Amino acid sequence: SCGPFYSVSSRDRVDFSDTHSSYYISIHEPLVVRTNNITISGYGHNVTIDGSGVSGLNNECLRLSGNYDWVDYLTIKNCPSYGIWVDEIANNAGGNYNSIYNMTLLGNYSGGIHFTDEDLDGYGGNNNGLYYSLIGATSQSPTSCIVADANGIGILLTGNARANQISHNFILCNNLDGIYDFYNDANHIHGNTIAGNLRSGIYLAGCQDITIDQNFIGNQVGTVAFGNAWHGIEITGTTAVTIGGASIADANVISGNGNSGIYIYGGSNTLTIDNNVIGIDAYLDGALPNGDAGIAIVSNTIPSDSGFSIVIG
């Protein structure tokens with residue numbers, strides 16, 4: 001059992017002993033890293049951090065509030081808030097340029113991971129990367145979801161958390177949206193499998209300059225339906241979004257979702273939806289339908305003289 005773990009300033013790396021093949025660590029307070037250039041690595045070991053004993057106001061399990069920190073190969077589970085929270089603390093201009101790699105985030109009540117600039121000053125929660133991680137399941141291809149493994153939201157971005165890269169993750173089976181991006185700019189959602197979540201795969205609200213490409217949304221490897229219960233991508237009040245791209249290599253496979261593949265409303269504009277596969281499989285030769293429309297534009301009034309548009313194809 002571990003108590004507080006603050007300011008890892010006396011060393012620049014936290015590894016685990018080669019004498020043990022696995023570690024199960026129960027924590028009672030959040031692990032807080034305020035220092036820059038820290039590495040916390042569980043590589044080569046089966047390291048689980050269990051946050052079921054954490055209580056109090058800030059009750060995420062791991063808080064990254066330094067810059068250029070690296071965390072990899074840990075399982076973080078059962079936290080009463082988020083498994084990982086990336087943010088500045090007390091205006092320290094932290095929570096930037098951190099890399100989170102090959103993690104497993106399970107059963108965290110509020111969500112798997114939260115990127116934010118909580119005080120909205122623009123100096124936190126920016127330019128981070130989340131790569132090759134499992135968010136809500138222990139397998140890249142589960143045949144069914146395990147309730148105890150689901151997080152609340154898979155990944156949450158709020159408070160103008162800018163220019164973050166969400167790449168090559170498996171965001172599966174969570175109780176709410178797979179990715180919820182709320183009033184942020186310039187985030188890139190690339191190469192993920194986002195499936196089996198109980199609301200929408202990706203929900204954008206009030207965002208701008210978002211790129212979504214090369215994802216499997218509502219399916220596994222573009223061939224097996226594993227639908228998000230609501231929409232594949234839900235967009236409201238959002239501007240300047242690219243879904244897909246200039247080449248078929250940028251395509252998302254948006255198929256197998258419970259409602260629409262892409263659902264647009266709330267005055268969203270300057271959207272480009274190009275070179276995607278919607279409602280069929282990745283090989284373009286078999287039905288993999290969404291439950292409702294492929295692309296739905298609903299109550300989304302754009303003034304005719306505004307110069308804004310939605311371009312499909």
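The following refers to the structure shown. On a predicted model such as this, the values are computed, not experimentally measured, just so you know.

So, on to the overall build of the protein. Looking only at helices and strands, one finds 0 helices and 34 strands in the protein. Expressed as a percentage of the 313 residues in the protein, the buried residues total 54%. In the protein, the share of contacts with a sequence separation of at least 24, taken over all contacts with a separation of at least 6, comes to 74%. When the accessible area of the protein is evaluated, it comes to approximately 12700 Å², of which 51% is carbon and sulfur surface.

Counted by the stated rule, this structure contains 10 aromatic pairs. Centre to centre, the rings of Tyr 180 and Tyr 203 are 4.8 Å apart; their planes meet at 20°, and the pair counts as stacked. Residue Tyr 180 is located in strand β19 (residues 179–182), and its partner Tyr 203 is located in strand β22 (residues 202–205); the two are separated by 23 residues in the primary sequence. Neither residue differs from the other here; Tyr 180 and Tyr 203 are each classed as buried. In textbook terms, an aromatic cluster arises when at least three aromatic residues are bridged by ring pairs, as seen for Tyr 43, Trp 70, Tyr 73, Tyr 101 and Tyr 132.

Our next topic: the pairing of strand β28 (residues 239–244). Note: strand β23 (residues 208–213) against β28, 4 bridges, orientation parallel. Residue Ile 210 lies in a different strand from β28, and its bridge partner there is Val 241.

The next subject is the sheet that holds strand β2 (residues 13–14). Strand order in the open sheet made by the 11 strands is β2-β5-β8-β11-β14-β17-β20-β23-β28-β31-β34, with parallel pairing throughout. On the outer flanks of this sheet lie β2 and β34 (310–312), each paired with one strand and no other.

So, on to the sheet that holds strand β21 (residues 193–195). What the 10 strands build is an open sheet, ordered β3-β6-β9-β12-β15-β18-β21-β24-β29-β32; its pairing is parallel. Pairing within the sheet leaves two strands with one partner each, and these edge strands are β3 (22–26) and β32 (277–278). Of the strand pairs in this sheet, strand β18 (residues 170–172) and β21 are connected by 3 bridges, and their pairing is parallel. Looking at β21, one finds that Ile 171 is bridged to Ile 194.

This part covers the side chain of Ser 99. Along the chain, Ser 99 falls in strand β11 (residues 99–101). Among all residues touching Ser 99, those that are not within four sequence positions of it are Asp 69, Trp 70, Val 71, Gly 129 and Tyr 131.

Before going further, it helps to examine the side chain of Asn 67. Considering the arrangement of structural elements, one finds Asn 67 in the loop between β7 (62–64) and β8 (70–72). From its side chain, Asn 67 meets the backbone oxygen of Ala 93 in a polar contact 3.1 Å long. Polar side-chain contacts of Asn 67 include one of 3.4 Å to the backbone nitrogen of Gly 95. For Asn 67, the contacting residues outside a window of four places in its chain are Thr 35, Asn 36, Asn 37, Ala 93, Gly 94, Gly 95, Asn 96 and Asn 98.

The backbone of Thr 270 shows a phi angle near 55°, a positive value even though the residue is not glycine. Within the secondary structure layout, Thr 270 lies in strand β31 (residues 269–274). For Thr 270, a relative accessible area of 35% corresponds to the partly exposed category. If you check the backbone angles, Asn 275 has positive phi at about 60° while not being a glycine. Structurally, the position occupied by Asn 275 is in the loop between β31 and β32. The exposure class of Asn 275 is partly exposed, given its relative accessible area of 26%.

A few words on the state of the cysteines. Scanning all chains against the criterion turns up 2 disulfides. In this model Cys 61 forms its disulfide with Cys 79; the gap between the sulfur atoms is 2.0 Å. Measuring the twist about the S-S bond at about -110°, one finds the Cys 61-Cys 79 disulfide to be left-handed. Separated by 18 residues along the polypeptide, Cys 61 in the loop between β6 (46–50) and β7 and Cys 79 in the loop between β9 (75–77) and β10 (82–86) bring together distant segments of the chain. Taking the relative accessible area as the measure of exposure, Cys 79 reaches 2% and is therefore buried. Across the disulfide, Cys 145 is cross-linked to Cys 173 (sulfur-sulfur distance 2.1 Å).

With that out of the way, let us pick up the pattern of salt bridges. The full count for this structure, using the stated rule, is 3 salt bridges. A salt bridge links Asp 87 to Arg 63; the nearest nitrogen and oxygen atoms lie 3.1 Å apart. Here Asp 87, found in the loop between β10 and β11, pairs with Arg 63, found in strand β7; they are 24 residues apart in sequence, far enough to count as distant. The exposure classification of Asp 87 matches that of Arg 63, with both residues buried.

Turning our eyes to something else, we now look at the pairing of β10. The buried fraction of β10 is high, at 5 of 5 residues. Here β7 runs beside β10; their pairing, made up of 3 bridges, is parallel. Note that in β10 the partner of Leu 62 across the bridge is Ile 84. Bridge count between β10 and strand β13 (residues 111–116): 4 bridges; the pairing is parallel. Bridge pairing in β13 places Ile 84 opposite Ile 113.

Cut-offs and rules
- Residues numbered from 1 in each chain as written.
- Predicted model: local features only at pLDDT ≥ 70, side-chain atom pairs only at ≥ 80, totals over all residues.
- Heavy atoms only, no water.
- Helix = DSSP H or I, 4+ residues; strand = E, 2+ residues; numbered from the N terminus.
- Buried < 20%, exposed > 50% of the residue type's maximum accessible area, 1.4 Å probe, protein only.
- Contact = heavy atoms within 4.5 Å.
- Areas by Shrake-Rupley, 256 points an atom, 1.4 Å probe, with all protein chains shown as cover.
- Phe/Tyr/Trp six-rings, centres within 6.5 Å; stacked < 30°, edge-to-face > 60°.
- Pairing = 2+ DSSP bridges.
- Polar contact = N/O pair within 3.5 Å; in protein donor to acceptor, adjacent residues only side chain to side chain.
- Disulfide = S-S within 2.5 Å.
- Salt bridge = Lys/Arg side-chain N within 4 Å of Asp/Glu carboxyl O.

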